[in-house]
Structures are given as C-alpha cells and as structure tokens.
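# Fold and contact review
Each chain, letter by letter, is given below.
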Amino acid sequence: MNRNQFITLLVVAAVIGGIGLFLYKRNADSYQGASKAGQPLLGEFNINDVAHIAIRKDDREANILKQDNVWTVRERGQYPANFEQISEFVRKLDDLKVVQTLQVGPSQLGRLELAAPGQANSATVVEFKDAAGKILASLRVGAKHMKKSDRPSPFGDDGGFPNGRYVMAGNEGAVSVVLDPLSQADPKPEQWLNRDFFKVEKPKSIAVKAPEATNSFKIFRENETAEWQLVDATPEEKLDNGKASGLASALSYPSFNDVVVGKSAEETGLDKPTTVTIETLEGFTYTLQVGGKGPDETLHTTVAVTADVPKERKPGADEKPEDKEKLDKEFKEKNDKLAEKLQKEQALSKWTYLVPRWTPESLLKSRSELMAEKKEDDTAAADEEKDDENDPVLSAEPGESKAPANGDGAELP
C-alpha cells in the first residue's frame, strides 16, 4: 500500500465515522423526543391550589382571580367570571399530553411564535398561580399546528386545519406539540366573563323617556292575555298591538358583549340617556339607561332592578283546608325562585355593559312608530268627511238652505 492509498483510506474512515456520529446523535435526539411523548405537558401540580390564571401577550393581558371563593376578571372591574369555563381550561391543561417533541434552536423560536416576551413573534404566556402568587405551572403557547387535508381545497390553499399547538412548558428548552388548538389561551378578558344576564318576564307596562319628549310613551296591559294600551293616547293615535308585543319580548333573552370600565358618563353617552322602565306582573321593575354607541354595533347600557314580591299568600275565599298546604308550598317555591332571581339581577347594577344594539334598539322607537298604519279606506273616508265639511250644501243644518246665490244675491232655482 502506497502513501496515497493510505491517505485515501483515512479520509474514507473519517467520513464514515462522521456519518455514524451524525446518525447516532439524530437517533439519540429522536429517542429523547419520543421518550416525552404521552407524558403530561405541565407535569405535576395541584389544580385545587390554582387561584390566579394570568394570560399575556405583548401589551395585552387577562387575569382571572379567585377572591372570597368567587372567580373574577381583574381587567373588567372584578366582574364575575365563568367558573365552568375556568374549570374546563385548568383541567384540560392538567390532562394535556405531549404527542411530539422538537429540537428547535433559540433563533428559530420566532417561526413558531414561541419567542420570549418582548421579542418579535413572541409567545402567549399562561401561568397558573396560587393565592400567594407562587407560580404552580407556566406555559408558552405558540402557533397552531396545522394538519393538511387529504383533499385539495376549492379555495386554492392547502386545505389544512388546526389540530394542535406548538408549546413550551416551564423553563424547558424543548418545543412540544399537543393535539389541542388551546383557543382559550388568548389574552381577551371579555371571553372569561360570566354571561348570565337579566331576563324580563311577563311585562305589565313599558315606559320610554327619550331626550326628545315627543318620542316618549308608556304602554300597559291588565294581564298577560290582554291587549296593550297607550297611555294618554290622542283621538288620532291607535296603538299597533303587534308592535307593542314586539317591545314586550325585546328583553326576554338579552345579552351583552363586554363590560365597560373606567369611562365617564360623557364618554359613554349615559349623561343624556334614554330611560326605559319596565314593570312586570310578578312585581319586578327594570330601569335601563341606554347611552351612546360602542364598538362592534353596541350601545352603552346600565340596568337596575327592584322588586315587590309578596311574602305571604292570601288564601282564597272558597279555599278548602286540604288545599292550603299544597298552595302554600307552591307559593313558597315560587317566591324562593323570585328572591334568587332578584339577588342575581340586582348585582348587575354595578357595571356598564356593551349590549348589541338590536336588543335595546327595538325599545327606542319613536311614539309615532308604534301607531297602526292607516288603511286606504280609512284615509279616503277621512278625506271624504273633510270634503263634506267644506261643502256648503252637505254641511247645512236641517231646515237651513245653503244653496249658492247668483250674482244678484238671489238663490239659484
């Protein structure tokens, strides 16, 4: 073997050794990633100790805290939060398993929207804390993991859909993939609000006091099946009962988009509101103040609720003793529900709400819009009556001649 052949063998051996080392390292990394598959994403922590969920990204954040055993949203003036939603979110992350682990360098984290806070393409940070503020578990949430569709999309894209999320748990450098889009991991305080709202049942009267007095009105009915009537109606005004019924059902299932915090009455338009007062057959009174427009087709609105619920039942004149116990029980059950309803709805008066405009807008009709439209026959009859009044013959009193005179002042034959 000459010198050149020996050198060639050394080069070949070095290349083969390098390839072997690369394959070994790749297999080791692959084994390390595979070893985490199926393991809990956040490790072990007691979910019952969680008293604060902090979600932040860039300059946006949402803090959901438990205070006196009540979950609230800090950015919305401690408005009550949705406990079922919170419980579902915490349990989901506690049960979430890793399906794949990737080795990604620090400079590549931005591509997966997992860069550290303050950097470009930063992650959404989710932290679970206890009552003392100690972090029990933390998570960086990045871009959605997309699964390509087997069928081509008619819209020209790849037809993919999100089936998971790229995440980083704790202080570990590894990027994991989980099979859940984690859509709730978003710093939007409004999405955590308790959506329970008031509900107007069996309205008896509706009064609207508008900034323009001519648009104010009040309608009422004697009972649930009676027709609506207009208070202080003029002879020319005839209430359209169908339109009145539409007002009565406007607040059967109201909703709100968000809660407003830190704005003055001038900013919300509640310094010059339209006031809607609704009394119900069950003794509840709802007073709504409707102000100016808010974002996303909403109106600034407040609500105050009072009630005069009888505490004792008046027995009927012909009531039999054997019926008294049953009727008393039914009365108590009904009153307990009304008392619970009142307590919940009275708590709503602390905040200003952004209510979809179509909810209160139907109550803000002008007085004239509630009137029945005149039929053509009625209009023609009214015009004919007016013509009769102007006719000198037809308007004459009995026994009185109103025939027109000739030029000499004599009546025409």
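Residues numbered from 1 in each chain as written. Predicted model: local features only at pLDDT ≥ 70, side-chain atom pairs only at ≥ 80, totals over all residues. Heavy atoms only, no water.

## A few points about the overall build of the chain
Along the backbone of the chain there are seven helices and 17 strands. Classification of the 413 residues of the chain by burial places 34% in the buried group. Of the contacts made within the chain by residues no fewer than 6 positions apart, 61% connect residues no fewer than 24 positions apart. (Helix = DSSP H or I, 4+ residues; strand = E, 2+ residues; numbered from the N terminus. Buried < 20%, exposed > 50% of the residue type's maximum accessible area, 1.4 Å probe, protein only. Contact = heavy atoms within 4.5 Å.)

## Points about the environment of Pro273
Secondary-structure assignment places Pro273 in the loop between helix H4 (265–268) and strand S14 (274–280). Other than its neighbours up to four places away in sequence, Pro273 contacts Lys209, Pro211, Gln289 and Val290.

## A closer look at helix H5 (residues 321–346)
Taking 1.5 Å per residue as the helical rise, H5 with its 26 residues ought to reach 38 Å, and the 37 Å between its terminal C-alpha atoms agrees with that figure. Next to the buried residues of H5 lie strand S15 (284–294) and strand S16 (298–307). (Expected span 1.5 Å × (residues − 1).)

## Focus on the sheet that holds strand S3 (residues 70–73)
Pairing in this open sheet of nine strands is antiparallel, and the strands run S4-S3-S2-S1-S6-S7-S8-S9-S5 from one edge to the other. The strands lining the two open edges of the sheet, one partner per strand, are strand S4 (79–80) and strand S5 (100–102). Pairing geometry for strand S6 (residues 124–129) and strand S7 (residues 135–147), over six bridges, is antiparallel. The residue of S7 that forms the bridge with Val125 is Arg140. Along the sheet, helix H2 (residues 83–95) makes contact with strand S1 (52–57), strand S2 (60–67), S3, S6 and S7, crossing S6 at roughly 100°. (Pairing = 2+ DSSP bridges. Axes fitted to C-alpha atoms, helices over the stretch in contact; angles between N-to-C directions.)

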